[in-house]
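Each chain is listed here by its residues.
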4 protein chains.
Amino acid sequence: MNSVRPKKVRLGMVGGGEGAFIGGIHRLAAQMDGKIELVCGAFSSNPEKAKAFGKTLFLSDERCYASYEEMFAREARLDRAERMELVAIVTPNHLHFPVAKLALEYGFHVISDKPATLTLDQAIELKSIIEKTGLLYGLTHTYTGYPMIKEARHRLKQGQLGQIKKIIVEYPQGWLASKDDENSKQASWRLDPNKAGISCCMADIGIHAANLAEYVTGLKITSLCAELTINVENRLLDDDGTVMLRFDSGAHGILLASQVCVGEENSLKLRVYGEHASIEWSQLEPNSLWLKFSDQASQLIRTGVGQMAEETLACMRTPAGHPEGYLEAFANIYLQFAKQIRQHHDDNTVANSTNAKDNVNASCGIPGIDEAIRGMAFIENVVAASQSEFKWHNFSLNPADIKPRTINEITRDNKEANDE
Amino acid sequence: MNSVRPKKVRLGMVGGGEGAFIGGIHRLAAQMDGKIELVCGAFSSNPEKAKAFGKTLFLSDERCYASYEEMFAREARLDRAERMELVAIVTPNHLHFPVAKLALEYGFHVISDKPATLTLDQAIELKSIIEKTGLLYGLTHTYTGYPMIKEARHRLKQGQLGQIKKIIVEYPQGWLASKDDENSKQASWRLDPNKAGISCCMADIGIHAANLAEYVTGLKITSLCAELTINVENRLLDDDGTVMLRFDSGAHGILLASQVCVGEENSLKLRVYGEHASIEWSQLEPNSLWLKFSDQASQLIRTGVGQMAEETLACMRTPAGHPEGYLEAFANIYLQFAKQIRQHHDDNTVANSTNAKDNVNASCGIPGIDEAIRGMAFIENVVAASQSEFKWHNFSLNPADIKPRTINEITRDNKEANDE
Amino acid sequence: MNSVRPKKVRLGMVGGGEGAFIGGIHRLAAQMDGKIELVCGAFSSNPEKAKAFGKTLFLSDERCYASYEEMFAREARLDRAERMELVAIVTPNHLHFPVAKLALEYGFHVISDKPATLTLDQAIELKSIIEKTGLLYGLTHTYTGYPMIKEARHRLKQGQLGQIKKIIVEYPQGWLASKDDENSKQASWRLDPNKAGISCCMADIGIHAANLAEYVTGLKITSLCAELTINVENRLLDDDGTVMLRFDSGAHGILLASQVCVGEENSLKLRVYGEHASIEWSQLEPNSLWLKFSDQASQLIRTGVGQMAEETLACMRTPAGHPEGYLEAFANIYLQFAKQIRQHHDDNTVANSTNAKDNVNASCGIPGIDEAIRGMAFIENVVAASQSEFKWHNFSLNPADIKPRTINEITRDNKEANDE
Amino acid sequence: MNSVRPKKVRLGMVGGGEGAFIGGIHRLAAQMDGKIELVCGAFSSNPEKAKAFGKTLFLSDERCYASYEEMFAREARLDRAERMELVAIVTPNHLHFPVAKLALEYGFHVISDKPATLTLDQAIELKSIIEKTGLLYGLTHTYTGYPMIKEARHRLKQGQLGQIKKIIVEYPQGWLASKDDENSKQASWRLDPNKAGISCCMADIGIHAANLAEYVTGLKITSLCAELTINVENRLLDDDGTVMLRFDSGAHGILLASQVCVGEENSLKLRVYGEHASIEWSQLEPNSLWLKFSDQASQLIRTGVGQMAEETLACMRTPAGHPEGYLEAFANIYLQFAKQIRQHHDDNTVANSTNAKDNVNASCGIPGIDEAIRGMAFIENVVAASQSEFKWHNFSLNPADIKPRTINEITRDNKEANDE
């Protein structure tokens, strides 16, 4: 064994200060397993607020920065054994790309909230930067971190369902159902095209649903028919949408996402129907996975009961009947990314060839830059398809083919409408 | 009160002999409440079989007919106090119209399984016959007979949800998922265009889902985008489909129906999202109705617990906690139709103006000829929309506007394909 | 085949007039399958009310009697082909025995609501009358009529659970939780020792729970420890109780029954734990049966999905996914009893030896006089055990051994308490 | 505000090395919120193993001790700013008391797994040590840390249920159902009287159930009737038990706990029935709390939906629909204990008077030494009651009154049995 004492992965955070939602989640997820330690942050552009907030996290004042540029520049000058290794990006969407780009250029690994960027163009550019720097990039598609999602993916890979016929993925929420819901910090930037991009609902949750469908089945969307709707007056971006899907294997599917389904919490649900069997999984009861057959008793597979796949076991911390949840799923993403980082530092040549981009194919990998690109393409293809009078639209990864309405067009149209 | 002793409604049945599924259901539903008595039937075209089957139902040989034509002719000649009053039509689809037409022409009321006819044209013709004869016509959209569906409809009418935004209705089944499933009596005629019409899945179950969405919300579909698929080799008709919907109020929705979702039983489920609240109902647990709100505890309304609407109470036979199911829902349709028939006979002038066609607006009414027409229009519009390359298709009640592929075209295309 | 045309079983009813609950249930259950026809009744001691009520059931005035004595005497004089064959007893408990006794003496078969009698003594006497007359006697332990109960029983008989270790049966209701609940017709007689006997809760629902536990497992209670409680002021009889159980195989168990569990509907639930597997069934979702294992996925067995036992299939009317409920379970009791009656008449020698008392051991049998005796013994043993300061009480079938507080003692004690 | 920079609470752990279950859980729970840092441990009596294990936790070799005595002695000599402040005891039961005693004597706060000690005598002695030292003592009754348990407790305190009538708490598990299950590290010490004490099932899980019932309702058990069973050959200790309960308010209840219920995971479930309403909570779906009424729709209260009590909010980390689970419940215990420790150090006078023993009465308190004593008394009273031939046994906190079979008697009886 290595004689060098192992050290925790040192994490810096951009965003996630007072009042933010996802920043706190990232911190909990990162530190739960004791493999990662938060060492610095750029939580606020106000230096006093940044320090005050950092103090609540037991950070020293010196490592609470007022901007990410400052953080990267100063951390880069610290001793290698002390300085930050990994940047977590938990800002609104429009900052994901510039922060990731600069972090990589300074030599830091990046873990980013989704969507990876504001546009597909940026995601493609980000990939070339990652390839150039040889650094690691992870995307927090949280729901891929659930043990029962790993188990589902494993069983589909094994062929337990036979050929896949139909995929139904739905993601209804109700938190943006009314005008009054727009006042929260969370709501305001998600509904602002300059911060969120060309979509609200699809960029916020539709993208998770599409990722989950592809992640579990291993299939790729090849064409789609979409209808996005806006259900509250004066909104510029979609708060609801339906997408019919066709996959590369010939399977077909439906994706529903909505933020105006009053009474729904965070009801992501996936059903996959194959020739011989089907699976059903709901995020609200994440430790249950249904396996159903054409004419025999259904099976309720529960985390920790019976034989589980290797990758499922790697995502469990408790024995059967001790429910794990959303934070543990999130922590699994961080845990696996921390392992990759340690492996990367131990053996750089291996690391270069096992970049996070390949991870989806690895047993316990986490989504990386290729999922980032597919996610941005999903948003742009869906928006373009929704604008079309034709039913079917080819899913393209080339921005030049897609041409959805741009942010400028959305805001310009809105200004004109208001001027009239 | 009338000094004449009340009598049970006398029912004759066309179809529903040995091995049939829905005929037995109709009989159970009709006789459960003791208001209707089966007096005759045309169960089989083989006179011996007809009589043998009738014997198991305690019918005399004389009233077990070998054809519906014979039955109508012979029953019409019986004494008014003895002869059949009502005909239940439980044959494959292609016979619904000719049997209903002849029954009405002989002066019998009709209760028919859905879809009402083979084509929209026939449904329109049927309406004119009903209007001419002044007789009653009921359509067994069973799911409208559940107490909790009545309660849901009542609460929506009261405005408990506010303006309706979105409707999701799904109806997945798995019984036609494979080639092997085609051998049953039930499967074979449903997949034969000459007996089923231009659709299998939509005509068999999509039509129930569409009816339920309109029944509960009181809204009408105005346009749709549809994609029907065939998932087993050599099938001529759809076994699965997705339909995006727009309603007359501006609400939007999704309808999913499938017969190839392995592991699903008969999972009709309706969700309606309004401004203030939403409802959810699932046929598999029919005595539960969820009422959900944007930020307060959800309510689980259970049959018989708490205050129920008049029309809900009229559909209940047991106190809370004694589950009623599908047969009772079906029996509610028969029970209410039997009441209409007695009312019709008691007071013919009233009856003429309260034909079943108006029933959906009545507190406890059952679907009638107008629902029959909308159902046939639904099938034809969906098939036409599915064939179109354009996304949206106007929902029309005029056959000349719709022009889906005809039965002849389907079978001709198939013959040509097989000849090559 | 027999050249004699089969006829429906002719049923007369004692009790169950205006405002009664269980009478209507019996009628629905009896007539649902079309094998039994109601021909007469003693619904009310007021002759006008009896006739008016009978008219709503399409009975002729002549066969609506003002007393059961009159009914038996007059029906016995009718032509054999017309007269009642079977008496359904749906009165309060205190009449069960005298009505059954007289019916049998007149030569009628009897189907009775539970508890069979007011005392164990009476039940034992009833058995000797049944044996003397050679007539059939059925007891409507409704819950034994559910398909999934038949399936559970079958699987236990097959040994799928291994040796049974523990049985938990619970039956919480909330309908008698407060003083105000005592005003209903249902409540008042159940709380009156003269009409209900020495127990309310145990005689009304505890008895069902005990019967179900024995029915499904085939085991017999041999000793018990009981604690009955009264939770509303001035009640004379238990409205709640807990019973620890030991069975003849060495298995142990717990029985909970309560009428004061506010918010519970009719939540009968049975769990049986064996060496290798366990089952769970809940009356509120009666079409589901859980089969659980020590370390593999649980199985959800659903009515009509996969291979079912013969006796399960015999209790189903609809395909999978079309929920059947309480009335169908009840109807299964009637249906099987009707078959026994026809078999009895066809072949009297067989009938005498296959009296209903043996039915529990037959594949689809219904509870009979032996279950009646065990039920009455259960009530008396539980009441005696509850009065004891010792923990364990031997379950005895001999009234002389048990000696619980008598009805006279209960009412006398109460009078004395009130006099003070 | 204090100008001194806040620091994390420094934790040392006794037990919880390679292969242990609960030690890892404690570490996850402690570090999730970033308020506590693990600084040392006595994970193994083998010094090499202790260091190797500590390395995986990023501990320096110097702070990985081979015994708890060494750890306390050495840590006590470290600088006040660096040394351990809090000891987590995660050993088998027999070490809980000696470790806690010594830790307190060295001046360390203690957080201990349950049961607090091996005997009630020890628990009483422990209390006097705590009072003498003025230090804090917390007991990890994990299930009290769930948000919906806080909410339930709050609502009962508010009187939403009215007077409590009946409590049903059940805790079935299946992991010790067979002989083969005894080989695991977890099983072997729990079934050994020298390590586990006089009870297996009641000391391991029954104690949680009893604590939860008292915690949520605020009532105290005053007498009980118990029956413990052993379901696998050659076991010395109970693996299953039923306890009937009476509470100080006059309420009655039932507690079921079992480790031989094959197919059950960790199914702790609490139901409390009051005059006006009832609650139901199940650990397997911990984010749901049912509130049911006598005749109105049931309410499903979900973590984060609608108005929550202060103490509920203090136990939540995520918005509605992002399930939190067992680890978060556990982390809530640690989080609140860490706050108490900081408060204790900030203001020693306050701390002395707000010792953990009072916490159960505080809004967000965690169980302390008084719960420890009640827990040990529960075990001893239940064992004594189970041995009694009388039904009811007074619940006593005085060891001299209880006199259950001792560990020595159990092992001696066993030796004798084996010698024969």
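Residues numbered from 1 in each chain as written. Chains lettered and ligands numbered in written order. Predicted model: local features only at pLDDT ≥ 70, side-chain atom pairs only at ≥ 80, totals over all residues. Heavy atoms only, no water.

Here we look at the overall build of chain A
Item 1. Along chain A, the regular secondary structure elements total 15 helices and 14 strands.
Item 2. For a compact globule of 420 residues, the expected C-alpha radius of gyration is about 22 Å, and chain A comes in at 21 Å, within 12% of that figure.
Item 3. In terms of its C-alpha atoms, chain A occupies a principal-axis envelope of roughly 65 × 60 × 40 Å.
Item 4. Across the 420 residues of chain A, 65% fall into the buried class.
Item 5. Across chain A, the fraction of contacts at a sequence separation of at least 24, relative to all contacts at a separation of at least 6, is 69%.
Item 6. When the accessible area of chain A is evaluated, it comes to approximately 14,700 Å², of which 47% is carbon and sulfur surface. (Helix = DSSP H or I, 4+ residues; strand = E, 2+ residues; numbered from the N terminus. Rg over C-alpha atoms; globule rule 2.2 N^0.38 Å. Buried < 20%, exposed > 50% of the residue type's maximum accessible area, 1.4 Å probe, protein only. Contact = heavy atoms within 4.5 Å. Areas by Shrake-Rupley, 256 points an atom, 1.4 Å probe, with all protein chains shown as cover.)

Looking at the relation of the copies chain D and chain A
Item 1. Each copy superposes on the other: chain D lies on chain A with an RMSD of 0.0 Å after a rotation of 180° and an axial shift of 0.0 Å. The transformation relating the two chain copies, once decomposed into turn and shift, fits a two-fold axis. When C-alpha distances to the rotation axis are compared across chain D, the minimum falls at Met32 of chain D, with a value of 2.0 Å.
Item 2. Taken together, the interface assignments show that 100% of the residues at the interface of chain D recur at the interface of chain A, consistent with an identical surface on both copies. (Least-squares fit on C-alpha atoms with pLDDT ≥ 70 in both.)

A look at the relation of the copies chain C and chain B
Item 1. With an RMSD of 0.0 Å, the operation that places chain C on chain B is a rotation of 180° combined with a shift of 0.0 Å along the axis.
Item 2. Mapped onto chain B, 95% of the interface residues of chain C are again interface residues, and the two copies thus contact each other with one and the same surface.

As for the sheet that holds strand E3 (residues 86-89) of chain D
Residues and elements named next belong to chain D.
Item 1. Strand order in the open sheet formed by five strands is E2-E1-E3-E4-E5, with parallel pairing between adjacent strands. Strands at the two margins of the open sheet, each flanked by one partner only, are strand E2 (36-42) and strand E5 (137-139). Pairwise comparison of adjacent strand axes, ignoring direction, gives a mean angle of 25° for this sheet.
Item 2. Taken together, the six bridges between strand E1 (residues 9-14) and E2 define a ladder with parallel strand orientation. Residue pairing for E2: Leu11 is matched across the bridge by Leu38.
Item 3. The sheet strands contacting helix H1 (residues 22-31) are E1 and E2, and the helix crosses E1 at an angle near 175°. (Pairing = 2+ DSSP bridges. Axes fitted to C-alpha atoms, helices over the stretch in contact; angles between N-to-C directions.)

What about the nonpolar core?
Inside soluble globular proteins, nonpolar side chains tend to come together where they are buried.
Item 1. Grouped together as the largest cluster of nonpolar side chains are 258 residues, with contacts concentrated most on Phe72 and Leu255 of chain A together with Phe72 and Leu255 of chain D.
Item 2. With near-sequence residues (within four places) excluded, Phe72 of chain A lies in contact with Val14, Met84, Val87, Val99, Leu102, Ala103, Tyr106 and Phe108 of chain A.
Item 3. Core analysis: the second largest hydrophobic core is formed by 256 residues, Tyr137, Ala209 and Tyr334 of chain B together with Leu139 of chain C among them. (Core = buried A, V, L, I, M, F, W, Y, C linked by side-chain atoms within 4.5 Å.)

Side note on the side chain of Glu227 of chain A
Item 1. Tracing the backbone through its elements, the reader meets Glu227 of chain A in strand E7 (residues 221-229).
Item 2. A distance of 2.8 Å separates a polar atom in the side chain of Glu227 of chain A from a polar atom in the side chain of Arg246 of chain B.
Item 3. Each residue touching Glu227 of chain A, except ones within four places of it in the same chain, is listed here: Asp240, Gly241, Thr242 and Ser386 of chain A together with Met244, Arg246, Lys391 and Trp392 of chain B. (Polar contact = N/O pair within 3.5 Å; in protein donor to acceptor, adjacent residues only side chain to side chain.)

Some words on the interface of chain C and chain B
Item 1. The interface of chain C with chain B comprises 42 residues on the first partner and 40 residues on the second.
Item 2. Interface of chain C and chain B: buried area, both sides summed, is about 3,400 Å²; carbon and sulfur atoms make up 59% of it.
Item 3. Taken together, the links from chain C to chain B amount to twelve residue pairs in polar contact (both at pLDDT 80 or more).
Item 4. Secondary structure elements with two or more residues in the side of chain C that touches chain B: helix H1 (22-31), helix H2 (47-56) and helix H11 (326-346) of chain C.
Item 5. Within the side of chain C that touches chain B, the residues separate by chemical class into 19 nonpolar, eleven polar and twelve charged. (Buried area = accessible area lost by both parts, 1.4 Å probe. Nonpolar A, V, L, I, M, F, W, Y, C, P; charged D, E, K, R; others polar.)

Examining the sheet that holds strand E2 (residues 36-42) of chain A
All names here are of chain A.
Item 1. With parallel pairing, the five strands of this open sheet are ordered in space as E2-E1-E3-E4-E5. The open sheet has two free edges, formed respectively by E2 and strand E5 (137-139), since each of these has just one partner strand. Taking each pair of neighbouring strands and ignoring which way they run, the sheet shows an average axis angle of 25°.
Item 2. As judged from the three bridges shared by strand E4 (residues 109-112) and E5, these two strands associate in the parallel manner. The residue bridging Ile111 from the neighbouring strand is Gly138, located in E5.

Quick look at the packing of aromatic side chains
To describe a pair of aromatic rings, one takes the distance between the centres and the angle between the planes.
All names here are of chain A.
Item 1. Using the criterion set out here, one finds 47 aromatic pairs over all chains in the structure.
Item 2. When the centroid spacing of 5.3 Å and the interplanar angle of 55° are considered together, the rings of Tyr146 and Trp281 count as tilted. Within this pair, whereas Tyr146 is found in the loop between E5 and helix H6 (147-157), its partner Trp281 is found in strand E11 (residues 277-282), the two being separated by 135 residues in sequence.
Item 3. A relative accessible area of 1% places Tyr146 in the buried class.
Item 4. You can call Trp281 buried: its relative accessible area is 1%.
Item 5. Across the ring face of Tyr215, the terminal group of Arg153 is positioned such that the distance to the ring centre comes to 4.2 Å. (Phe/Tyr/Trp six-rings, centres within 6.5 Å; stacked < 30°, edge-to-face > 60°. Lys NZ or Arg CZ within 6 Å of the ring centre and 35° of its normal.)

Describing a negative patch on the surface
Item 1. The grouping of Glu37 of chain B together with Glu37, Asp79 and Glu82 of chain C at the surface amounts to a negative patch.
Item 2. In this fold, Glu37 of chain B is placed in strand E2 (residues 36-42).
Item 3. Its relative accessible area of 37% is what places Glu37 of chain B among the partly exposed residues. (Patch = residues over 30% accessible without salt bridge, like charges linked within 9 Å, V, L, I, M, F, W, Y side chains within 5 Å. Salt bridge = Lys/Arg side-chain N within 4 Å of Asp/Glu carboxyl O. Lys, Arg positive; Asp, Glu negative; His and termini not counted. Charge placed at Lys NZ, Arg CZ, Asp CG, Glu CD.)

As for the interface of chain D and chain A
Item 1. Each partner contributes to the interface: chain D provides 40 residues, whereas chain A provides 40 residues.
Item 2. Summing the contributions of chain D and of chain A, the shared interface buries around 3,400 Å²; its carbon and sulfur component is 59%.
Item 3. Connecting chain D to chain A are two salt bridges.
Item 4. Put simply, the parts of the chain that give the side of chain D that touches chain A at least two residues each are H1, helix H2 (47-56) and helix H11 (326-346) of chain D.
Item 5. Split into classes, the residues belonging to the side of chain D that touches chain A amount to 17 nonpolar, eleven polar and twelve charged.

Brief notes about unusual backbone geometry
Item 1. The amide bond that connects Lys114 of chain B to the next residue, Pro115 of chain B, takes the cis arrangement and shows omega of -10°.
Item 2. With respect to the helices and strands, the residue Pro115 of chain B is situated in the loop between strand E4 (109-112) and helix H5 (120-133).
Item 3. Notably, Asn234 of chain A is not glycine yet its phi reads approximately 70°, a positive angle.
Item 4. Positionally, Asn234 of chain A belongs in the loop between E7 and strand E8 (240-247).

A closer look at the pairing of E4 of chain A
Residue and element names in this part refer to chain A.
Item 1. Burial of E4 is two-sided: the residues His109 and Ile111 facing one way and the residues Val110 and Ser112 facing the other way are all buried.
Item 2. Alignment of strand E3 (residues 86-90) against E4, held across four bridges, turns out to be parallel. Along E4, the bridge assignment pairs Val87 with Val110.
Item 3. One crossover worth recording links E3 to the parallel E4 by way of helix H4 (residues 93-105), and it is right-handed.
Item 4. Taken together, E4, helix H5 (residues 120-133) and E5 form a β-α-β motif whose crossover is right-handed. (Right-handed = clockwise from strand over helix to strand, strands pointing away.)

A closer look at the pattern of salt bridges
Item 1. Tallied over the entire structure, the rule returns 109 salt bridges over all chains.
Item 2. Here Asp413 of chain A makes a salt bridge to Arg412 of chain A, at a shortest N to O gap of 3.5 Å.
Item 3. Exposure remark for Asp413 of chain A: the relative accessible area of 31% places this residue in the partly exposed category.
Item 4. In this structure, Lys101 of chain D engages Glu105 of chain D in a salt bridge whose closest nitrogen and oxygen atoms are separated by 3.2 Å.

Concerning the environment of Ile168 of chain A
Item 1. Structurally, the position occupied by Ile168 of chain A is in strand E6 (residues 164-172).
Item 2. As a C-alpha pair, Ile168 of chain A and His94 of chain A span 74 residues in sequence and 30 Å in three-dimensional space.

Examining the packing of helix H6 (residues 147-158) of chain C against helix H9 (residues 201-217) of chain C
Residue and element names in this part refer to chain C.
Item 1. Where H6 meets H9, the axes come as close as 7 Å, and the angle between the chain directions of the two elements is 45°. Taken together, the axis directions place H6 and H9 in an arrangement best described as oblique. The segment H6 lies against H9, with Ile149, Lys150, Ala152, Arg153 and Leu156 engaging Leu212, Tyr215, Val216 and Thr217.
Item 2. A per-class count over the contact of H6 with H9 returns six nonpolar, one polar and two charged. (Parallel < 35°, antiparallel > 145°, perpendicular 65-115°, else oblique.)

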